[in-house]
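Results of the structural survey
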Amino acid sequence: MSIEIETNTQGMQTPTLGAHLLESGRKTIVDLTRPLYEGMPMWFGHQRTFTPVNQTHDEFKARFGTQDGFYARNLIISEHAGTHTDAVIEYDPDGAPLDRTPLEYYYGSAVCLDLSHVVFSDPDPEGTGSAGVEAVRIAEARLAEAGESIRPGDIVLAWFDYGDRTFPEKRYIDENPGFSWEGAEYLAEKGVVNIGTDCAAIDNSLDTSFAGHMVCRKYGIVNTEHLANLGQLVNRRFDFYGLPLNILGGTGSPIRAIAVLD
C-alpha cells in the first residue's frame, strides 16, 4: 500500500517573535533526508521502524502531578533505517565501528554525479544493469562540462533519478539501480571516501554479491544511502554533512543529511 508523505511547509513551527529569526545569516541548504516513520520502506535484513507513544501530555501530568505535561514517543529502529550512513564494520568483520571512524568520512567537500542514464535491470557478470566504469565516466564528463571534477578526499553522491520518483513504493526497495564492482572501484581509486546514493543501497538491489559495499570494504571507505533531493545538486560542488550518532560499536547510523550551497 502506498503512503502519502507530507511535503508542504504549511503549519511549520516558527518562533513566536517571528520567522525572520530563522533566516538571519543562514546559509542555503538542501535537505537530503527521507522521513522516519512506522511502515517506512526497509531492506529485508533490518529491523522495521516503530514509534510507539511513551507518554501524552495528560498522562505525564496525571502520573507526576504537574501542571504541564511532556509528550514523548519511543523510537525503535535499525542502525540502517532511512537516510543513514555505514561504518566499515557492517560489511567488513575487521573494519572499525562508528566510534572508531573519523567524522571526516561523513562531512566535507562533495560533488553529485548524474547517473540518471543507468536503468535498473538484473545485473549480469559483465556489470550491465548497474553503473559500471563507462556509466560513471559519462557522468564525470557531464561534471567536467560544469567546471568540476572528482578530487581525492571527496564525498561523491550519485543521482540515479530513482529514489524521489519511487519512494515509498515497494519497488523503491526491490528494484533500485546501483554500482557494479568496476564502477564503484573507479570512484574508490580516485580517493573518494564516501559514496552516496538516492536509492536504498549503493548496490543494484538484485546484486547478491553486494559489489558496492565490497569495494568500500577493500578500500576502507564508507557509503551513505536513502538520500533525497539529489536532483537539486547534479553537477555541482557543495559541502555535505551526514554525521552519524556517536553509537559505541555502531555498524551505522540514521543521519540528518544536508548540502550547504554557499
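Residues numbered from 1 in each chain as written. Predicted model: local features only at pLDDT ≥ 70, side-chain atom pairs only at ≥ 80, totals over all residues. Heavy atoms only, no water.

As for the side chain of Asp207
Mapped onto the secondary structure, Asp207 falls in the loop between strand S7 (194-197) and helix H6 (211-219). Although buried, Asp207 forms no salt bridge, and the nearest oppositely charged side chain, Arg217, lies 14 Å from it. At 2.5 Å, the side chain of Asp207 forms a polar contact with the side chain of Ser209. Those residues within four positions of Asp207 in sequence are excluded, and the remaining contacts are Pro123 and Phe179. (Helix = DSSP H or I, 4+ residues; strand = E, 2+ residues; numbered from the N terminus. Buried < 20%, exposed > 50% of the residue type's maximum accessible area, 1.4 Å probe, protein only. Lys, Arg positive; Asp, Glu negative; His and termini not counted. Salt bridge = Lys/Arg side-chain N within 4 Å of Asp/Glu carboxyl O. Polar contact = N/O pair within 3.5 Å; in protein donor to acceptor, adjacent residues only side chain to side chain. Contact = heavy atoms within 4.5 Å.)

Here's the deal with the packing of helix H2 (residues 133-145) against helix H5 (residues 181-188)
The contact between H2 and H5 brings their axes to 7 Å, and the two run at 45°. Overall, the two elements H2 and H5 adopt an arrangement that is oblique. Residue-level inspection shows Val133, Val136, Arg137 and Glu140 of H2 in contact with H5, the latter providing Glu182, Gly183, Tyr186 and Leu187. (Axes fitted to C-alpha atoms, helices over the stretch in contact; angles between N-to-C directions. Parallel < 35°, antiparallel > 145°, perpendicular 65-115°, else oblique.)

Describing the packing of H5 against H6
Look at H5 against H6: their axes get within 8 Å of each other, and the N-to-C directions meet at 35°. Handedness of the H5/H6 crossing: right-handed. Seen from H5, the contacting residues are Trp181, Ala184, Glu185 and Ala188; seen from H6, they are Ala211, Gly212, Met214, Val215, Lys218 and Tyr219. Grouping the constituent residues of the contact of H5 with H6 by class yields 7 nonpolar, 1 polar and 2 charged. (Left-handed = near helix turned anticlockwise from the far one by under 90°. Nonpolar A, V, L, I, M, F, W, Y, C, P; charged D, E, K, R; others polar.)

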